[in-house]
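Chains, contacts and geometry: an overview
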Amino acid sequence: MIYQIYPRSFRDLNGDGIGDLAGITSELGHLAELGVDAVWLSPFYRSPQRDAGYDVSDYCDVDPLFGTLADFDAMMIRTQELGLRVIVDLVPNHCSDQHAAFQAALAAAPNSAERSMFIFRDGRGESGDLPPNNWESHFGGPAWTRTTDADGQPGQWYLHLFDSSQPDFDWDNPAVHAEFERVLRFWLDRGIAGFRVDVAHALVKAPGLPDWHGLANGNSSEGYPGEEAPMFGQPALHDIYRSWRLILAEYGPDRILCAEANVDPLPRLAHWVRPDEMHQAFNFPYLHAGLDLGPLRSVITESLESLDAVGAPSTWVLSNHDVVRHATRFGYDGHGPRDGDGIGTEDPQPDEELGRTRAAAATMFMLGLPGGAYLYQGEELGLPDGIDIPSALRQDPTFARTDGERLGRDGCRVPLPWRADQEHYGFGDGATPWLPQPESFARLSRDLQASSGTSHLALYRSMLALRRELDLGRGSLQWAEAWCTGSSLAYLNGNVLVVMNLNHEPLELPSGAILLRSSLDVQGNQRLLSPGQTAWLQIAAKPAE
Ligand code: NOJ
Ligand code: CA
């Protein structure tokens, strides 16, 4: 089980209002206690922070905001003491416009070696004042920005699938490959266990950069890129990951690559995790299925079938720094907000308690599944998204690039509450945190939950301990049809029966020892599973179908 740390919101030790590496080191003991195997750190590299560090200006240094390389090494030592492994984020699709290579490209002439590290093109139209194609940025607006030449005249355009401050590298250029091999080795030499690869599906673009007549930012109407999207899922990507796998193997058999690959359908995602490619790929179709039991069941079946076919585990995930936290998403009846859109005070509001209850059930359902799982910092506390965030404080480029129409992802990035009675709930004792913390954090802080036997945190600890003890990650799945009713869903993993009840009525549990239920505070009849809850039972034999 891998736990995602979002450094700027984890713990601020030097009191500047932004989390830092020393802050991570100081609290790692809590993660070991929680029962995580490894941590994945979102970017902490040198960066102007235009996209919260996913705009890297130096891949081999720590941004002063987060500390120094020495702080990184100190963190590594602490993780080793605690038996935790560290995965870092690799951002190979684009860098920051402040990266030395991009600055050199801007200063150089068209068709120069410097420009060929990126995707520069002449514009369309008589005076080249139209973008080279119709692609759009994921954060809104065109995916191209025009440069200005030294003489002040408009020049070529460069491609950026994200913010204009994030120019895309040209992965047709071997020099780009060489540079990233250097980056891989730099961090592997520092003892890391692997990489989470940012937008792993986007590095290679179709020859000729043709216009795209699906959604021009590469998405399909279902939210995933279609098979044909010219900016996603190109076949040549796979050779890149094969070569990286060989580099990782030089450092031992246990280093991993995990793809952030937003591709569908699932059999196509399986291409990312063939035996000689990446080890894991986030299962976003699972995240998007939410609590719709029909789609959820199909996604799980299809995931296991597709991934079994290539001998890879599925990688389940419900929350991360790009989506509304699942404790908030599940506080809506019907569909909550769209990915990357966030919730504001003007939007329909979630029911916090309902969301937290269902989030516990959903996580428990997920952690019973065979395969790997990722948790996002704060979900063990049942944290909701921050909703009351003044426009002036919103930092996600999506907000500015859509003139506020899409609020963006700041809500799920609010700094963590550690200690209820300390300033900023113990996130840091200096400057105000970079995003405001909701008042509910007073009740949800880690110290309060750690001293309660029935808290969300207590549940996470029990789930993770049992998952490890029963080795559920390496198990298998068989649907338990008798409890798949349309409003409940159940499967067997070995002799553990996992039942989730989304009906409005309690569900009578089958015989068998109840190992754990998603509400630790059970009143009344123990054999009834309340609405919005999940239970794990140990059963003697396969239940009747
Ligand atoms: C995916 C990352 O998770 C997201 O936070 C980032 O904005 C984009 N990739 C661009 O790097
Ligand atoms: Ca700090």
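Residues numbered from 1 in each chain as written. Chains lettered and ligands numbered in written order. Predicted model: local features only at pLDDT ≥ 70, side-chain atom pairs only at ≥ 80, totals over all residues. Heavy atoms only, no water.

What to know about the packing of helix α4 (residues 174-189) against helix α5 (residues 237-250)
Here α4 crosses α5 at 30°, and the two axes come no closer than 11 Å. When the interaxial angle is binned, α4 and α5 end up roughly parallel. Two packed elements cross with a definite hand, and for α4 against α5 that hand is right-handed. Counted together, His 177, Phe 180, Glu 181, Leu 184, Arg 185 and Leu 188 of α4 and Ile 240, Ser 243, Trp 244, Ile 247, Leu 248 and Glu 250 of α5 form the full contact between these two elements. Looking at side-chain class alone, the contact of α4 with α5 contains seven nonpolar, two polar and three charged residues. (Axes fitted to C-alpha atoms, helices over the stretch in contact; angles between N-to-C directions. Helix = DSSP H or I, 4+ residues; strand = E, 2+ residues; numbered from the N terminus. Parallel < 35°, antiparallel > 145°, perpendicular 65-115°, else oblique. Left-handed = near helix turned anticlockwise from the far one by under 90°. Contact = heavy atoms within 4.5 Å. Nonpolar A, V, L, I, M, F, W, Y, C, P; charged D, E, K, R; others polar.)

Digging into the packing of aromatic side chains
The geometry of two aromatic rings is summed up by the distance between their centres and the angle between their planes. Tallying each qualifying case throughout the model produces 25 aromatic pairs. Centre to centre, the rings of Phe 10 and Trp 418 are 5.1 Å apart; their planes meet at 80°, and the pair counts as edge-to-face. Taken together, the residues span a long stretch of sequence, with Phe 10 in the loop between β1 (2-5) and α1 (21-34) and Trp 418 in the loop between α11 (397-401) and α12 (441-444) at a distance of 408 residues. Like Phe 10, the residue Trp 418 is buried in the burial classification. Between Phe 102 and Phe 118, the ring centres sit 5.0 Å apart and the planes meet at 85°, which makes this aromatic pair edge-to-face. Taken together, the positions of Phe 102 in helix α3 (residues 100-107) and Phe 118 in the loop between α3 and β6 (120-121) put the pair 16 residues apart, joining distant regions of the chain. Counting every residue linked through ring pairs, the aromatic cluster contains Tyr 59, Phe 102, Phe 118, Phe 120, Tyr 158, Phe 169, Trp 171, Phe 180, Tyr 241 and Trp 244. Against the face of Trp 434 rests Arg 8, its NZ or CZ located 4.5 Å from the ring centre. Taking NZ or CZ as reference, Arg 329 lies 5.4 Å from the ring centre of Phe 330, over its face. (Phe/Tyr/Trp six-rings, centres within 6.5 Å; stacked < 30°, edge-to-face > 60°. Buried < 20%, exposed > 50% of the residue type's maximum accessible area, 1.4 Å probe, protein only. Lys NZ or Arg CZ within 6 Å of the ring centre and 35° of its normal.)

Side note on the coordination of the calcium ion (ligand 2)
Listed as protein donors to the calcium ion (ligand 2) are Asp 12 (OD), Asn 14 (OD1), Asp 16 (OD), Ile 18 (O) and Asp 20 (OD); their distances from the metal cover 2.2 to 2.4 Å. Counting gaps between the donor residues of the calcium ion (ligand 2) yields the pattern D-x1-N-x1-D-x1-I-x1-D. Residue Asp 12 is classed as buried on the basis of its relative accessible area of 1%. Residue Asp 16 is classed as partly exposed on the basis of its relative accessible area of 33%. (Donors = N, O, S within 2.8 Å, 3.2 Å for Na, K, Ca; no water.)

Looking at the pairing of strand β8 (residues 154-159)
Burial within β8 is extensive, with five of its six residues counted as buried. The pairing of strand β7 (residues 144-148) with β8 spans four bridges and is antiparallel. From the neighbouring strand, Trp 144 faces β8, where its bridge partner is Leu 159. Linking two consecutive strands that pair antiparallel, namely β7 and β8, is a turn of five residues; a positive phi of about 85° is found at Gly 152 within it. (Pairing = 2+ DSSP bridges.)

Observations concerning the domain arrangement of the chain
In terms of domains, the chain is made up of domain 1 (2-96 + 173-450), domain 2 (100-159) and domain 3 (476-538). Placing a centre on the C-alpha atoms of domain 2 and another on those of domain 3 gives a separation of 56 Å. (Domains from an automatic or database assignment.)

Re the nonpolar core
Core analysis: the biggest nonpolar cluster contains 136 residues, and Phe 195 and Trp 244 have the highest contact counts within it. The element best represented in this core is helix α10 (residues 352-367), accounting for eight residues. Here Trp 244 is in contact with Leu 90, Pro 92, Trp 171, Phe 180, Leu 184, Val 197, Leu 203 and Leu 257, once residues within four sequence places are set aside. In terms of nonpolar packing, the next biggest core, distinct from the first, is built from 16 residues, Ala 143, Val 199, Leu 209 and Phe 232 among them. (Core = buried A, V, L, I, M, F, W, Y, C linked by side-chain atoms within 4.5 Å.)

A short note on the state of the cysteines
Simply put, the disulfide is a covalent bond whose two ends are the sulfur atoms of two cysteines. Scanning the model with the defined rule gives zero disulfides in all. With no disulfide of its own, Cys 258 lies 17 Å from the sulfur of Cys 412, the closest cysteine sulfur. Relative accessible area serves as the criterion here: at 0%, Cys 258 is assigned to the buried category. (Disulfide = S-S within 2.5 Å.)

Considerations on the site of ligand 1
Near ligand 1 the following residues occur: Asp 51, Tyr 54, His 94, Phe 139, Phe 162, Arg 196, Asp 198, Glu 260, His 321, Asp 322, Arg 409 and Arg 413. Measuring from an oxygen atom of ligand 1, one finds a side-chain N or O atom of Asp 198 at 2.7 Å. Protein coverage of the free-state accessible area of ligand 1, which is 300 Å², stands at 97%. (Near = heavy atom within 4 Å. Polar contact = N/O pair within 3.5 Å; in protein donor to acceptor, adjacent residues only side chain to side chain. Areas by Shrake-Rupley, 256 points an atom, 1.4 Å probe, with all protein chains shown as cover.)

Some points on the sheet that holds strand β15 (residues 488-493)
Hydrogen bonds between backbone groups are what pair the strands of a sheet, and the pairing can be parallel or antiparallel. Across the sheet, which stays open at both edges, the five strands sit in the order β14-β15-β16-β20-β18 with antiparallel pairing between neighbours. Two strands close off the open sheet at either side, each with one partner strand: β14 (478-479) and β18 (513-517). Packed on one face of the sheet, helix α8 (residues 293-309) meets β14, β15 and β16 (496-501) and runs near 20° to β15. Across the sheet, α10 touches β14, β15, β16, β18 and β20 (533-538), and the angle it forms with β20 is around 35°.

Remarks on the pattern of salt bridges
Overall, the coordinates contain 33 salt bridges when judged by the stated rule. Arg 409 serves as the salt-bridge partner of Asp 51, at 3.1 Å between the closest nitrogen and oxygen. Here Asp 51, found in the loop between β3 (45-46) and β4 (58-62), pairs with Arg 409, found in the loop between α11 and α12; they are 358 residues apart in sequence, far enough to count as distant. A single burial state applies to Asp 51 and to Arg 409, both of which are buried. For Glu 260, the salt bridge identified is with Arg 196, shortest N-O distance 3.4 Å. Pair noted here: Glu 260 is in the loop between β10 (256-259) and α6 (266-269) and Arg 196 is in strand β9 (residues 194-197), with a separation of 64 residues, a long-range link. On the basis of relative accessible area, Arg 196 is assigned to the buried category, the value being 2%. Beyond isolated ion pairs, a larger network of salt bridges with shared partners links Asp 51, Asp 322, Asp 396, Arg 409 and Arg 413. (Salt bridge = Lys/Arg side-chain N within 4 Å of Asp/Glu carboxyl O.)

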